[in-house]
Amino acid sequence: MRNINFKKQYNFKRRAVRVRQHLHGTALKPRLCVVKSNMHIQVQLIDDDAGKTLGATATFAKEFRDTEFSKRNKASAKKLGERIAEIAREQNVKEVIFDRGPFKYHGVLAELADAARAGGLQF
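The present account deals with the structure reproduced in this document. (Residues numbered from 1 in each chain as written. Predicted model: local features only at pLDDT ≥ 70, side-chain atom pairs only at ≥ 80, totals over all residues. Heavy atoms only, no water.)

The secondary structure content of the protein amounts to three helices and four strands. Along its sequence from the N terminus, the protein presents helices and strands in the succession α-β-β-β-α-β-α. In terms of C-alpha radius of gyration, the protein reaches 15 Å, essentially the compact-globule figure of 14 Å for 123 residues. When the backbone C-alpha atoms are referred to their principal axes, the protein occupies close to 45 × 35 × 25 Å. Scored against the burial criterion, the 123 residues of the protein give a buried share of 36%. Within the protein, contacts between residues separated by at least 24 positions form 57% of all contacts whose residues are at least 6 apart in sequence. Taken as a whole, the protein presents about 7,900 Å² of accessible surface, with 50% of it coming from carbon and sulfur. Considering the protein, the positive charge centre built from 25 side chains and the negative charge centre built from 13 side chains are found 11 Å apart. (Helix = DSSP H or I, 4+ residues; strand = E, 2+ residues; numbered from the N terminus. Rg over C-alpha atoms; globule rule 2.2 N^0.38 Å. Buried < 20%, exposed > 50% of the residue type's maximum accessible area, 1.4 Å probe, protein only. Contact = heavy atoms within 4.5 Å. Areas by Shrake-Rupley, 256 points an atom, 1.4 Å probe, with all protein chains shown as cover. Lys, Arg positive; Asp, Glu negative; His and termini not counted. Charge placed at Lys NZ, Arg CZ, Asp CG, Glu CD.)

Moving on, we get to the nonpolar core. Inside soluble globular proteins, nonpolar side chains tend to come together where they are buried. Grouped together as the largest cluster of nonpolar side chains are 23 residues, with contacts concentrated most on Leu-32, Ile-41, Val-43, Leu-45, Ile-84, Phe-98 and Leu-112. Of all the secondary-structure elements, those providing two or more residues to this core are strand S1 (31-36), strand S2 (41-47), helix H2 (74-90) and helix H3 (108-118). Of the residues forming this core, the biggest block, six residues, is contributed by H2. Among residues more than four places away in sequence, those in contact with Ile-41 are Val-34, Val-35, Thr-57, Ala-58, Thr-59, Arg-72, Asn-73, Ala-77, Leu-80, Val-108 and Leu-112. (Core = buried A, V, L, I, M, F, W, Y, C linked by side-chain atoms within 4.5 Å.)

Right, let's get into a positive patch on the surface. Together, Lys-7, Arg-14, Arg-15, Arg-18 and Lys-104 make up a region of like positive charge exposed at the surface. Relative to the assigned elements, Arg-15 resides in helix H1 (residues 2-20). Arg-15 sits in the partly exposed class, given a relative accessible area of 32%. (Patch = residues over 30% accessible without salt bridge, like charges linked within 9 Å, V, L, I, M, F, W, Y side chains within 5 Å. Salt bridge = Lys/Arg side-chain N within 4 Å of Asp/Glu carboxyl O.)

Right, let's get into the pairing of S2. The element S2 is extensively covered by neighbouring structure, given that five of its seven residues are classed as buried. The sheet contact formed by S1 and S2 spans six bridges and is antiparallel. Bridging from a neighbouring strand, Lys-36 pairs with Ile-41 of S2. With six bridges joining them, S2 and strand S3 (residues 52-58) adopt antiparallel strand pairing. Among the inter-strand pairings, Ile-46 is bridged to a residue of S3, identified as Thr-53. Counting the residues in the hairpin turn of S2 and S3 gives four residues, including Gly-51, whose phi is positive at 70 degrees. (Pairing = 2+ DSSP bridges.)

Relative to the assigned elements, Ser-70 resides in the loop between S3 and H2. Residue classification places Ser-70 among the buried positions, given a relative accessible area of 19%. At a separation of 3.2 Å, a polar atom in the side chain of Ser-70 contacts the main-chain carbonyl oxygen of Thr-67. When residues no more than four places from it in sequence are discounted, the contact partners of Ser-70 are Met-39, His-40, Thr-59, Phe-64, Arg-65 and Ser-76. (Polar contact = N/O pair within 3.5 Å; in protein donor to acceptor, adjacent residues only side chain to side chain.)

Geometric descriptors of this kind do not, in isolation, establish any biological role.
This is how it looks when you write it as structure tokens:
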């Protein structure tokens, strides 16, 4: 049992590194990093040159905490995509690099990306 879990975690980390080795965010074109857990979704705009987070939101943020958007589903992902696009506009960011990490681009991630594109981000 221990070896099976170790192998899953190992493969998870390898996929994340494989995707991220080609991505690098700057102040003009930050990295849009998406993290999914079993219950929540987190989104961040990251400037890798300065090592700073320009903006972030999540389903467990105060604004979503006691609403229908406090869980991991497509409706929440759409709302997060719209909100991160607003945060990017406040920072005068029009283009981003989408970092899906080890997750496949479908379902919740695709919905978030489509909402961010509809909000004005280009990637």
